[in-house]
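What follows is each chain in one-letter form.
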Amino acid sequence: MLTLIFSLLLNIIRLYTWVVIISCVFSFLYAFGVLDTRSQMVWSIGRFLNRLTEPALRPIRSILPATGNMDFSPLVLLLLIQYLLTPLVRQLYYSVAFNSGF
């Protein structure tokens, strides 16, 4: 049961990583005019992706210095997920699963 919970948690983290990547690609396509800005579907997808990623990106944007038109907060978020969050969850799983006597 414990393995299932941690596996589900790691899959959610992996899915959120893809959501951040898709949001970045979507914003590039939107900014370069590839996507029709008047389409209701494009607007709905953009709003949905923004609602998913903005709560995690906002604190990072407040810390990062202004770099003009470039937004590096998704890159920082992906690096934090890759090098801090995922190893932390794995280490927590190993410590809970294999060290039953704290």
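Residues numbered from 1 in each chain as written. Predicted model: local features only at pLDDT ≥ 70, side-chain atom pairs only at ≥ 80, totals over all residues. Heavy atoms only, no water.

Peer 1: Outline the packing of helix α1 (residues 2–31) against helix α3 (residues 73–98), supporting the account with residue identities and numerical values.
Peer 2: When two helices pack together, their arrangement is captured by the angle between the axes and the distance separating the axes. Between α1 and α3, the least distance of the axes is 11 Å, while the angle of their chain directions is 175°. One finds that α1 runs roughly antiparallel with respect to α3. Note on element contacts: α3 touches α1 through Pro-74, Leu-77, Leu-78, Ile-81, Leu-85, Thr-86, Val-89, Arg-90, Leu-92, Tyr-93, Val-96 and Ala-97, opposite Leu-2, Thr-3, Phe-6, Leu-9, Leu-10, Ile-13, Tyr-16, Thr-17, Val-20, Ile-21 and Cys-24. For the contact of α1 with α3, a count of residues per class yields 19 nonpolar, three polar and one charged. (Axes fitted to C-alpha atoms, helices over the stretch in contact; angles between N-to-C directions. Helix = DSSP H or I, 4+ residues; strand = E, 2+ residues; numbered from the N terminus. Parallel < 35°, antiparallel > 145°, perpendicular 65-115°, else oblique. Contact = heavy atoms within 4.5 Å. Nonpolar A, V, L, I, M, F, W, Y, C, P; charged D, E, K, R; others polar.)

Peer 1: Now, about the packing of aromatic side chains: what can you tell me, with residues and values included?
Peer 2: Under the definition given, this model contains five aromatic pairs. Ring plane angle 55° and centroid distance 5.3 Å describe the contact between Phe-6 and Tyr-93, whose orientation is recorded as tilted. Linking Phe-6 in helix α1 with Tyr-93 in helix α3, this pair joins segments that are 87 residues apart in sequence. As far as the burial class goes, Phe-6 and Tyr-93 line up, both buried. Ring centres of Tyr-93 and Tyr-94 lie 5.5 Å apart, and the angle between their planes is 50°; on these two criteria the pair is classed as tilted. (Phe/Tyr/Trp six-rings, centres within 6.5 Å; stacked < 30°, edge-to-face > 60°. Buried < 20%, exposed > 50% of the residue type's maximum accessible area, 1.4 Å probe, protein only.)

Peer 1: Account for α3, with residues named and values stated.
Peer 2: Here α3 spans 36 Å end to end across 26 residues, near enough to the 38 Å set by a 1.5 Å rise per residue. Of all the bends in α3, the largest measures some 40° and sits at Ile-81. Those residues of α3 lying buried are Ser-73, Pro-74, Leu-77, Ile-81, Thr-86, Val-89 and Tyr-93. In this fold, the buried residues of α3 make contact with α1 and α2 (40–63). (Expected span 1.5 Å × (residues − 1). Bend = angle between axes of the 7 residues up to and from the residue.)

Peer 1: Account for the nonpolar core, naming residues and giving values.
Peer 2: Phe-6, Leu-10, Ile-13, Val-20, Leu-57, Ile-60, Leu-77, Ile-81, Val-89 and Tyr-93 form the largest nonpolar core, which has 10 residues in total. Those elements that provide at least two residues to this core are α1, α2 and α3. (Core = buried A, V, L, I, M, F, W, Y, C linked by side-chain atoms within 4.5 Å.)

Peer 1: Break down the layout of surface pockets for me, with residues and values.
Peer 2: Computed from the structure, the largest pocket encloses a volume of approximately 480 Å³. Lining the largest pocket are 22 residues; nearest its centre among them are Ser-23, Cys-24, Ser-27, Asp-71 and Pro-74. Elements with a minimum of two residues in the lining of the largest pocket: α1, α2 and α3. Residues that form the lining of the largest pocket fall into these classes: 13 nonpolar, six polar and three charged. Approximately 170 Å³ is the volume found for the second largest pocket. Looking at the second largest pocket, the residues that line it are Leu-10, Ile-13, Arg-14, Thr-17, Trp-18, Ile-81, Gln-82, Thr-86 and Arg-90. (1 Å grid on protein atoms, 1.4 Å probe; cavity = no way out; pocket = protein on both sides within 12 Å on 5 of 7 lines; lining within 4 Å. Points joined across faces, edges and corners; volume = space filled by probe spheres on them.)

Peer 1: An account of a nonpolar patch on the surface is requested, with residue identities and associated values reported.
Peer 2: A cluster of nonpolar side chains, Val-25, Phe-28, Leu-29, Phe-32 and Val-34, forms an exposed patch at the surface whose accessible area comes to about 520 Å². Relative to the helices and strands, Val-25 is located in helix α1. With a relative accessible area of 43%, Val-25 lands in the partly exposed category. (Patch = residues over 30% accessible without salt bridge, like charges linked within 9 Å, V, L, I, M, F, W, Y side chains within 5 Å. Areas by Shrake-Rupley, 256 points an atom, 1.4 Å probe, with all protein chains shown as cover. Salt bridge = Lys/Arg side-chain N within 4 Å of Asp/Glu carboxyl O.)

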